[in-house]
Amino acid sequence: MKDDILAQAAEWLDAGEPVAVATIVRIFGSSSQPLGARMAITRDNRFAGAVSGGCVETDVYETSQDVLAGGNALMLHYKHVENPLVEIGLNCEGKIDVLVEKLDQPMLDLLRSGPERHVKVTLCAPGTPAEPNARHAQILADGSGGDGLPDAVIRDALAAMRRDKPASTTYPDGTVALFEPVLPPPVLLIFGGDVAAQPLVRFAKILGMRTVVTDARPAFATREKHPDADEVIAAWPAEVIRRVGVDVRTFVVSLNHEPRFEDALMLALAGHEIGYLGAIGKRVRHEERSARLQDAGLDMAQLPPIHTPIGLDIGGKSPEEIALSIIAEIVAVKNGRPGGMLITRFAREMAAES
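Residues numbered from 1 in each chain as written. Predicted model: local features only at pLDDT ≥ 70, side-chain atom pairs only at ≥ 80, totals over all residues. Heavy atoms only, no water.

## Some details on the packing of helix α5 (residues 197-206) against helix α9 (residues 319-334)
What counts here: Simply put, an axis is a line fit to the C-alpha atoms, just over the touching stretch for a helix, and the angle between two N-to-C directions goes from 0 to 180 degrees. A run of DSSP states H or I qualifies as a helix once it reaches four residues; a run of E qualifies as a strand once it reaches two. Both are numbered from the N-terminal end. Each angle is binned into one of four classes, with values under 35 degrees roughly parallel, values over 145 roughly antiparallel, values of 65 to 115 roughly perpendicular, and all other values oblique. By the definition used in this description, the sense in which the near helix is turned from the far one sets the handedness, with an anticlockwise turn below a right angle giving left-handed and a clockwise turn giving right-handed. Pairs of residues are marked as contacts when any of their non-hydrogen atoms sit within 4.5 Å. Note that Gly is not counted as nonpolar here; it falls among the polar residues with everything else outside the nonpolar set of Ala, Val, Leu, Ile, Met, Phe, Trp, Tyr, Cys and Pro and the charged set of Asp, Glu, Lys and Arg.
Across the interface, α5 lies against α9 with an axial gap of 8 Å and an inter-helix angle of 45°. One way to sum up the angle between α5 and α9 is to call them oblique. With respect to the hand of their crossing, α5 and α9 are arranged in right-handed fashion. Contacts from P199, L200, R202, F203 and A204 in α5 reach P319, E320, A323, L324, I326 and I327 in α9. Taken together, the residues of the contact of α5 with α9 break down into nine nonpolar, no polar and two charged.

Printed below as a string of structure tokens:
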């Protein structure tokens, strides 16, 4: 989404049109848009992206026209309002700081390009809205690139990279730093060319993941069966792990519960740190699997927790519904959430407050 917004900004710049960019640099409480959300704005009521759920975009647009006319960046502060019809603000119970800047080619290049692994850094001073003193930089994975930046900023940038999440830090002098990690796409590694693999690949690609489908049975690992996958490999798990490589940004799904294949996968993953491991099958199959692996001499502590039966409980029966429940569980694990219905969480919070 961010790439699409910046692509639109680039198109406007190439056409000789003035462009402003509005960015959420700090959030207090809840927000309908995430940290680092952007709008690209030009003239004639044209913009791309959003910084709220539609509550403040008109005001941001109007402010951007002042920025385009004067050239100086401005900082906007929005908070919850009771009646958005008569005052400008947010419907959600939170506050956001939005930096509005005039975009030029060097700034666009800094936002769009860079090495495979780096952190985009935006420094600004929300406490002086008329003069936010915005500055942009890139911090590389080895900590270089931040010439002139305080050590604390570089340290926090690398911490954001390790967490693989945008972050915002406020320093004692009032300066705010927005950190946006740029990393290769996370990998969904699917073992088993089951029919559910096809919709699972499609869901994962929508979420920006690189997808690999593999099966030790050559007939199940063909490009014809999995045309949407980024890579299809007919090989045993140990060879796949060696070729693909796995790390904390790898999400592994086992769709084949035949013991010879499943056990080979678990043995190949032993000792590797990955982001998620899920296996299809009933709970009794997990108990049987654990017993077999322990008999083979594997310490189960060498494996991450195995999510099995895999997926969230949405009653899925079709391949598409099963794939949806699996990808939903992966997203929940990635974001540190238990999954489930938001209304249930809301009810618990309301009960705790009463």
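## Structural notes on the sheet that holds strand β9 (residues 176-182)
Rule in force here: For two strands to count as paired, DSSP must find a minimum of two bridges between them.
Here four strands make up an open sheet; going across it, the order is β7-β6-β9-β8 and the pairing antiparallel. Looking at the sheet topology across the chains shown, the edges are occupied by β7 (135-140) and β8 (167-170). Ignoring which end each strand starts from, the neighbouring axes of this sheet average 20° apart. Pairing of strand β6 (residues 118-124) with β9, which is carried by seven bridges, proceeds in the antiparallel orientation. Looking at β9, one finds that K120 is bridged to E180. Lying on the sheet, helix α3 (residues 105-112) is in contact with β6 and β7; it crosses β7 at an angle near 35°.

## Comments concerning the sheet that holds strand β14 (residues 276-279)
The sheet built from five strands is open, its strands ordered β12-β11-β10-β13-β14 with parallel pairing. What marks the edges here is a single partner per strand, and that holds for β12 (231-234) and β14. Geometrically, the sheet is characterised by an average inter-axis angle of 15° between neighbouring strands, direction not taken into account. Bridge count for strand β11 (residues 210-215) against β12 is four bridges, and the pairing is parallel. Along β12, the bridge assignment pairs V212 with E231.

## As for the pattern of salt bridges
Using the following cut-off: Here, a salt bridge means any Lys or Arg side-chain nitrogen found within 4 Å of an Asp or Glu carboxyl oxygen. Three exposure classes are used, based on accessible area relative to the maximum for each residue type with a 1.4 Å probe and protein chains only: buried under 20%, partly exposed in between, and exposed over 50%.
Within this structure, the stated rule accounts for 14 salt bridges. For E239, the salt bridge identified is with R242, shortest N-O distance 2.7 Å. A residue pair is termed a helical-turn pair when its members lie 3 or 4 positions apart in one helix, as E239 and R242 do in helix α6 (residues 237-244) at three residues. The class for E239 is partly exposed, based on a relative accessible area of 30%. The exposure class assigned to R242 is exposed, which follows from its relative accessible area of 59%. Residues joined by salt bridges that share partners form a network here, namely E262, D263, R289 and R292.

## Describing the nonpolar core
Operational definition: Grouping buried Ala, Val, Leu, Ile, Met, Phe, Trp, Tyr and Cys residues that are joined through side-chain atoms within 4.5 Å yields what is termed a nonpolar core.
Residues A22, I24, V51, V60, Y78, V98 and V100 are the most contacted members of the largest nonpolar core, which totals 24 residues. Every element with two or more residues in this core is listed here: β1 (20-29), β2 (38-41), α2 (57-70), β4 (74-79), β5 (94-102) and β9. Broken down by element, this core gets its largest block of residues, four residues, from β5. I233, V240, I241 and L303 belong to the second-largest nonpolar core, a separate cluster that totals 22 residues.

## Thoughts on the environment of N45
Within the secondary structure, N45 sits in the loop between β2 and β3 (47-49). Looking at N45, the relative accessible area reads 61%, which means it is exposed. Along the backbone, N45 and N256 are 211 residues apart, and their C-alpha atoms lie at a distance of 52 Å.

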